[in-house]
Amino acid sequence: MDYLQINGGRKLSGSVTISGAKNAALPIIAATILSDKEVTLTNMPNVVDIRTLLKLLTMLGGTVAHENTVAHINNGTITSTKAVYEIVSQMRASILVLGPLLARFGECEVSLPGGCAIGQRPIDLHLKALESMGAKIEIKGGYVHAMAPNGLKGAKIIFDKITVGGTENIVMAAALAKGTTTIVNAAKEPEVVQLCEMIADAGVKIEGIGTNELSIEGTDGKPLSFKTVDIIPDRIEAGTYLCAGAITNSSITLNKVDHGHIRASIDKLESMGCTFDLKEDSITIYPAKELKPVNLITIEYPGFPTDMQAQFMAVAVMAEGESLIEERLFENRFMHVSELNRLGADIWLKGSTAAVKGVEKLYGADVMATDLRASSALVLAALVAEGTTNVRRIYHLDRGYDDLEGKLAALGADIVRKSGK
Ligand code: UD1
């Protein structure tokens, strides 16, 4: 199993280009199921999760040509509507094929994703919403079997909780339903917005894009013809590199970013003393003279993203004073705490809040990655830890960060991928 070996203490400099957003590309790949013609996607990140979902499409009979950052997908050739456990268990986001498969084929089976390292992550809200649209749903043998032989019908859906994947699944289902679907308490993350824009560009009338209330007029079963989609920049990857600048006390420039999408991270880093120079699609971070502590609460967009919580905790470890970090979205998203403490951090957990006392120094050690973003927090901490840190189980990182070690090495970090235990 590969691991990352990092010798801490190097300053970073130069620039890094941000890849396309994994979390935008995944629902967009799923949405191609709504079409029976070829769709081209550009600026795709080179990460395992993307390859996993593309593999799922080929297992369903879709035709996929994928090289570097471009994918040509033709789902006119789909012959199966069963998303098997082998794939869904590797990546929960495979559940995103549920809405489009059901809407286009009137029937599908998708393996239940089960729990994951950061919490239970149920899909009850996805299923309840599809039922309101006339689907009949049975759970059998670990699979969700969804049926709507006469097509889905528009409905008014009020989500009990804001759910990104749930909103995406229902937007896709609603695009081919009969009549209008209204989603109240919809997610409005930039990734949801890009999905809505892709579907609206294909001629589906969608009102309220970027707000908490969406209204979608379906095509009554007629498949869509999509224009080429250029995936938006990854706001979590961008935020992670800003944290790399902040924690190593370095000035670095990020190219190909959308500042609007990373406002929450910029604001928090500003409150910690960092400063920024914003250009049209690039941003330069200048380090704080003295890193101040931060208080933050994870919440839905445009609030502070849960996917940046672990990385900010790593930065807070090096601040002068005590930071408070509250996780509101996932009940178990603190697996990085004990690993950061192995590097010498001083973090105490009480319920959903972590109290982080800044320390003078971290010391290299062997640590284990537990989920995608927790892993990047360990890499950030390792960049400043004295001596050598080995970050193990980096298959988590490979799921969502495009060439993390290559990009950090190009910025001057001493980081190499090694194989072995
Ligand atoms: C997406 C992102 C993930 C991010 C999360 C929150 C992708 C591929 N993943 O995950 O990186 O951390 O948004 O911004 O885009 N919930 C239910 N029932 C449901 C659905 C969700 O109770 O049916 C709960 C979840 O357990 C969680 C909260 O709602 O507590 C938000 O989850 P959700 O927004 O659905 O996250 P994902 O779409 O899975």
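Residues numbered from 1 in each chain as written. Predicted model: local features only at pLDDT ≥ 70, side-chain atom pairs only at ≥ 80, totals over all residues. Heavy atoms only, no water.

**Let's talk about the site of the ligand**
Point 1. Near the ligand you find 18 residues, and of these T163, V164, G165, D307 and L329 are the closest.
Point 2. Residue D307 places a side-chain N or O atom 2.6 Å away from an oxygen atom belonging to the ligand.
Point 3. Within the backbone of L329, an N or O atom sits 2.5 Å from an oxygen atom of the ligand.
Point 4. Contact with the protein chains covers 87% of the free accessible surface of the ligand, which is 740 Å².
Point 5. If you list the elements that add at least two residues to the shell around the ligand, you get α5 (124-132) and α6 (164-175).
Point 6. With three residues, the top contributor of residues to the shell around the ligand is α5. (Near = heavy atom within 4 Å. Polar contact = N/O pair within 3.5 Å; in protein donor to acceptor, adjacent residues only side chain to side chain. Areas by Shrake-Rupley, 256 points an atom, 1.4 Å probe, with all protein chains shown as cover. Helix = DSSP H or I, 4+ residues; strand = E, 2+ residues; numbered from the N terminus.)

**Overview of unusual backbone geometry**
Point 1. Residue P302 follows Y301 across a cis peptide bond; omega there is 10°.
Point 2. Tracing the chain through its elements places P302 in the loop between β18 (295-297) and α10 (309-317).
Point 3. In this model, K256 sits at a positive phi of 60°, which is unusual for a non-glycine residue.
Point 4. Residue placement: K256 occurs in the loop between β15 (252-255) and α9 (263-271).
Point 5. On the accessibility criterion, K256 (40% relative accessible area) is partly exposed. (Buried < 20%, exposed > 50% of the residue type's maximum accessible area, 1.4 Å probe, protein only.)

**What about the pairing of strand β23 (residues 388-392)?**
Point 1. For β23, the buried fraction is high: four of the five residues fall into the buried class.
Point 2. Bridge count between strand β1 (residues 3-7) and β23: four bridges; the pairing is antiparallel. Across the sheet, the residue bridging to L4 is V391, located in β23.
Point 3. Each parallel crossover has a hand, and the one from strand β22 (residues 366-368) via helix α12 (residues 372-384) to β23 is right-handed. (Pairing = 2+ DSSP bridges. Right-handed = clockwise from strand over helix to strand, strands pointing away.)

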